[in-house]
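If you want the building blocks of each chain, they are given just below.
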Amino acid sequence: MGNLADRIEAYLKNILGESEGGSVILQRGFLAEVFSCAPSQINYVLTTRFTVEKGYLVESRRGGGGFLRIVRLGFDEESNFHRIMNELLGKEVSQRRANNLLDNLFEEGIISERETILLKSVLADKIIGESLGDTHAARLRAMMMKEILIGISRTDIN
């Protein structure tokens, strides 16, 4: 069943799926024991596969009483997703971050596969980066992503 990171990711997503409220609190040491790995491997999975643009918020407190809180962000009026995305997108967004966010929107069923492909094409470095340069492209991409999120939030998601 895949590599260690894949197994840890699947385990955490399973726990999140079974939890009420879409959040879970765990101990890093417990997870390391379950998977017979170093805590740094748990950190790797959290920082690469449970990012905001992928629809997760991770709070981590280290030490003896430390814990991990993983929250699955929803895309509805009751969630803080819109506010968090607006704050974390900032003034610049890389192509990779934009693609991760679009993948999450697709996985949530908010946009279609075709829309995902089209938006990734429009936001690609080879389209806006060549004519504007990296810094200006990242700024334009951030503005475009915010407008996309605003547009999506105004539509009836059913």
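Computed from a predicted model, the values in this text were never measured in an experiment.

Draft legend 1. Representation of the overall build of the chain. Check the secondary structure of the chain and you find 8 helices and 3 strands. Reading the chain from its N terminus to its C terminus gives the helix and strand order α-β-α-α-β-β-α-α-α-α-α. Taken over 158 residues, the chain has a buried fraction of 38%. A total of about 9,500 Å² of accessible surface is found on the chain, and carbon and sulfur atoms cover 50% of it.

Draft legend 2. Structural view of the environment of Leu12. Counting through the fold element by element, Leu12 comes out in helix α1 (residues 4–18). Classification of Leu12 by relative accessible area gives buried; the value is 1%. A sequence separation of 19 residues divides Leu12 from Leu31, and the C-alpha atoms of the two residues are 9.5 Å apart. If near-sequence neighbours (up to four positions away) are discounted, Leu12 is found in contact with Leu26, Leu31, Leu46, Phe50 and Ile70.

Draft legend 3. Here's a closer look at the environment of Gly55. Structurally, Gly55 can be placed in the loop between α3 (39–49) and β2 (56–61). For Gly55 and Asn104, which are 49 residues apart along the polypeptide, the C-alpha to C-alpha distance reads 6.2 Å.

Draft legend 4. Looking closely at the side chain of Asn100. With respect to the helices, strands and loops of the structure, Asn100 is situated in helix α5 (residues 95–107). Asn100 has contacts with Glu53 and Lys54, leaving out every residue within four places of it along the chain.

Cut-offs and rules
- Residues numbered from 1 in each chain as written.
- Predicted model: local features only at pLDDT ≥ 70, side-chain atom pairs only at ≥ 80, totals over all residues.
- Heavy atoms only, no water.
- Helix = DSSP H or I, 4+ residues; strand = E, 2+ residues; numbered from the N terminus.
- Buried < 20%, exposed > 50% of the residue type's maximum accessible area, 1.4 Å probe, protein only.
- Areas by Shrake-Rupley, 256 points an atom, 1.4 Å probe, with all protein chains shown as cover.
- Contact = heavy atoms within 4.5 Å.

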